[in-house]
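Notes for the structure review
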Amino acid sequence: MTRSVTVRVPAKVNVQLAVGGLRPDGFHDLASVFLAVGLYDRVTAATPPPGAAPAGPRLTVSGPDAAQVPVDRTNLAARAAELLAARYGVAPAVHLHIDKDIPVAGGMAGGSADAAAALVACDALWGTGASRDDLLGLCAELGSDVPFSLVGGAALGRGRGELLTPLAVGGPFFWVFAVADGGLSTPAVYRECDRLREAAGTGATAAELPAPEPSPALLEALRTGDVAGLAVALAAGGSSNDLQAAAVSLRPSLAGTLRAGTDAGALAAIVSGSGPTCAFLAKDAQAAAEVAAALRASGTCREARVAAGPVDGATALPG
Ligand code: ATP
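Reference entry: report on the structure contained in this document. Everything numeric in this text was worked out from a predicted model, so none of it was measured.

Conventions we followed
- Residues numbered from 1 in each chain as written.
- Predicted model: local features only at pLDDT ≥ 70, side-chain atom pairs only at ≥ 80, totals over all residues.
- Heavy atoms only, no water.
- Buried < 20%, exposed > 50% of the residue type's maximum accessible area, 1.4 Å probe, protein only.
- Helix = DSSP H or I, 4+ residues; strand = E, 2+ residues; numbered from the N terminus.
- Pairing = 2+ DSSP bridges.
- Expected span 1.5 Å × (residues − 1).
- Right-handed = clockwise from strand over helix to strand, strands pointing away.
- Near = heavy atom within 4 Å.
- Polar contact = N/O pair within 3.5 Å; in protein donor to acceptor, adjacent residues only side chain to side chain.
- Areas by Shrake-Rupley, 256 points an atom, 1.4 Å probe, with all protein chains shown as cover.
- 1 Å grid on protein atoms, 1.4 Å probe; cavity = no way out; pocket = protein on both sides within 12 Å on 5 of 7 lines; lining within 4 Å.
- Sits in = over half its atoms within 2 Å of the grid points.
- Nonpolar A, V, L, I, M, F, W, Y, C, P; charged D, E, K, R; others polar.
- Salt bridge = Lys/Arg side-chain N within 4 Å of Asp/Glu carboxyl O.
- Axes fitted to C-alpha atoms, helices over the stretch in contact; angles between N-to-C directions.
- Contact = heavy atoms within 4.5 Å.

Structural notes on the pairing of strand β1 (residues 4–22)
Burial within β1 is extensive, with 15 of its 19 residues counted as buried. The sheet contact formed by β1 and strand β2 (residues 28–46) spans 16 bridges and is antiparallel. Across the sheet, the residue bridging to Asn-14 is Phe-34, located in β2. As consecutive antiparallel partners, β1 and β2 are separated by five residues, and within that stretch Gly-26 has a phi angle of approximately 90°, a positive value. Two strands pair when backbone bridges link them, and β1 and strand β11 (residues 315–316) are joined in this way by two bridges, in the antiparallel orientation. Counterpart to Val-7 in the pairing with β11 is Ala-316.

Dropping the structure here:
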């Protein structure tokens with residue numbers, strides 16, 4: 001009998017992404033304020049039929065961007081299943097199906113989301129009984145954004161983003177996400193950030209730059225549900241996202257997308273994480289729908305999606 005478990009997992013937006021200087025190990029210290037928003041992938045883990053090749057996870061993907069998602073062992077969901085199986089000494093026999101709605105390579109942690117969902121789904125399917133802390137540890141091994149995809153809500157991420165402190169949020173906050181054609185490589189955006197810092201003469205290394213810190217005003221606006229205060233904090237110093245200039249440098253058309261959203265009445269506009277998705281804060285659900293319609297009409301993005309946050313992290317669906 002085929003059994004299956006489906007887990008729904010949200011995208012994230014970095015309401016703030018403060019990026020420290022380049023460390024000797026090639027990484028950057030971050031102060032990342034994560035917010036989980038209601039754009040979801042669904043990952044189903046199913047027992048393969050009897051007689052199916054037992055070698056490892058088999059993967060299929062559906063959704064408009066399915067062609068851009070690898071179906072081999074480089075897929076983060078497959079790596080998550082293999083890691084869980086190895087740690088608990090079970091055979092990684094599973095069919096993983098990803099129903100993909102989170103933009104691919106869009107700065108919304110879609111791959112990380114699928115990894116967290118695959119861990120939760122395979123743990124339930126195989127009965128490995130991993131504790132929440134065990135799962136969080138496996139998430140951190142898989143990537144710096146994966147732990148947040150498991151916990152959801154809102155959190156401050158330190159270190160490389162994986163050391164999480166939950167944040168209370170007085171929201172919901174309403175957002176519009178302008179999805180671009182094609183993705184941006186996260187490592188390439190960090191390299192461009194370093195290059196721009198060198199060129200500006202500020203230095204680019206951890207020894208030269210101050211440690212990244214969360215903005216007290218931004219955290220307070222989140223806590224109290226103050227949308228106008230959050231808008232001010234998102235725009236402080238140009239953008240609350242230190243990767244924004246690098247993403248726009250690599251994809252200059254994003255400047256036009258950001259402008260189209262603010263022209264349409266968004267309270268604030270930022271690049272989401274490493275981009276190229278742009279995130280627009282709206283006053284309420286009605287205003288978000290209007291900004292999304294204007295963005296679609298502007299021709300500056302492939303698609304505009306409305307989503308609110310915070311929402312729960314990876315969650316098994318009933319049935
Ligand atoms: P982040 O915001 O965490 O930097 P991202 O949202 O920009 O990530 P992803 O959607 O996670 O980017 O995809 C980055 C790359 O990872 C893709 O180009 C793809 O080749 C690869 N990848 C591996 N597994 C997945 C997956 N399950 N879903 C999407 N992409 C995946």
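Thoughts on helix α2 (residues 110–126)
Between its terminal C-alpha atoms α2 stretches 24 Å, which fits the 24 Å expected from 17 residues at 1.5 Å a residue. By the criterion of burial, α2 is predominantly enclosed, with 15 of the 17 residues buried. Note on α2: the residue one or two positions beyond its end, Gly-127, has a positive phi of about 65°.

Here's the deal with the pairing of strand β4 (residues 95–99)
In the sheet, β2 pairs with β4 via five bridges, with the strands oriented antiparallel. Bridge pairing in β4 places Val-43 opposite Ile-98. In this sheet, β4 lies alongside strand β3 (residues 58–62) in parallel orientation, the contact comprising five bridges. Across the sheet, residue Ser-62 finds its bridge partner in β4, namely Asp-99. Note on the crossover from β3 through helix α1 (residues 76–88) to β4: the handedness is left-handed.

Some thoughts on the site of the ligand
Close contacts around the ligand come from 22 residues, with Ala-105, Gly-107, Gly-111, Asp-145 and Thr-186 the closest. Taking Lys-100, its side chain carries an N or O atom lying 3.5 Å from a nitrogen atom of the ligand. Measuring from an oxygen atom of the ligand, one finds a backbone N or O atom of Gly-107 at 2.8 Å. Against a free-state accessible area of 620 Å², the protein chains account for coverage of 78% of the ligand. Mapping the ligand onto the cavity grids shows that it belongs to the largest pocket. The class makeup of the residues in the shell around the ligand is nine nonpolar, nine polar and four charged.

Things to note about the pattern of salt bridges
Taken as a whole and assessed by the stated rule, the structure comprises 16 salt bridges. Close ionic contact of Lys-100 with Asp-41 constitutes a salt bridge, the shortest N to O distance being 2.4 Å. Of the two residues, Lys-100 sits in the loop between β4 and α2 while Asp-41 sits in strand β2, which places them 59 residues apart along the sequence. Assigned by exposure class, Lys-100 and Asp-41 land together as buried.

Quick look at the sheet that holds strand β8 (residues 268–271)
Strand pairing in a sheet relies on backbone hydrogen bonds, with the paired strands running either antiparallel or parallel. Strand order in the open sheet formed by four strands is β8-β9-β7-β10, with antiparallel pairing between adjacent strands. The two strands at the open ends of the sheet, each matched to only one other strand, are β8 and β10 (303–309). Neighbour to neighbour, the strand axes of the sheet diverge by 25° on average, direction disregarded. Here five bridges tie strand β7 (residues 173–179) to strand β9 (residues 278–282), and the two strands are oriented antiparallel to one another. Within the sheet, the bridge partner assigned to Ala-178 lies in β9 and is Cys-278. Packing against the sheet, helix α7 (residues 227–235) makes contact with β7, β8 and β9, and its axis sits at approximately 145° to β9. Set on the sheet, helix α10 (residues 285–298) makes contact with β7, β9 and β10; between it and β7 the angle comes to about 10°.

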